[in-house]
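One-letter residues, chain by chain:
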Amino acid sequence: MRLAHVIIDIPTRALDSAFDYLVPASMKTCEVGCCVLVDFGNRPVVAYVIGLEDVDPDLDLGKYKFIREVLSAPYFDAVSATCAEWIAQEYAAVLSETIHLFAPPGGAPKVKQVADEHGTTTWELVPPGAGPVDDRWARITET
């Protein structure tokens, strides 16, 4: 059994350390740098894997939750994760924000709450994507 150390993608100093989640045995694609979906509190959130370790199967694993889904290929490696932690400590930055420095622009998925026509709210995954392209050009003209 493997244990993943993840950084929750919520930019606040209160959540500025890694949380541990179990990696299901069937989930072979979970690596350092992957963006994953986990349950945090009573809702799903996006997180980044910054470390993996093998744990003894005899250890009491009842206090850990499982990773729900791997959302991306690795954005960064273990060295980059260590660098992000150093940046956060050195410059008093939030760790989830320094992790974004190693992700591609627009590359992080988000989770948002949506309500249907009956007023029931659910959580929906918003896939990553770049914003609209501004195709206006500036040029020098004669005055």
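The structure we're discussing is the one just above.
Residues numbered from 1 in each chain as written. Predicted model: local features only at pLDDT ≥ 70, side-chain atom pairs only at ≥ 80, totals over all residues. Heavy atoms only, no water.

Caption draft 1: Focus on the environment of L61. When you line up the elements, L61 lands in the loop between β4 (43-54) and β5 (69-70). Here L61 falls in the buried class, since its relative accessible area comes to 17%. Considered as a pair, L61 and C30 are 31 residues apart in the sequence and their alpha carbons are 19 Å apart. L61 has contacts with M1, L22 and V55, leaving out every residue within four places of it along the chain. (Helix = DSSP H or I, 4+ residues; strand = E, 2+ residues; numbered from the N terminus. Buried < 20%, exposed > 50% of the residue type's maximum accessible area, 1.4 Å probe, protein only. Contact = heavy atoms within 4.5 Å.)

Caption draft 2: View of the sheet that holds strand β1 (residues 2-8). Here we have five strands laid out as an open sheet, ordered β2-β1-β4-β3-β5, and antiparallel in their pairing. Strands at the two margins of the open sheet, each flanked by one partner only, are β2 (19-23) and β5. Pairing between β1 and β2: five bridges, direction antiparallel. Residue pairing in the sheet places V6 in a bridge with F19 of β2. (Pairing = 2+ DSSP bridges.)

That's the geometry; what it means functionally is another story.
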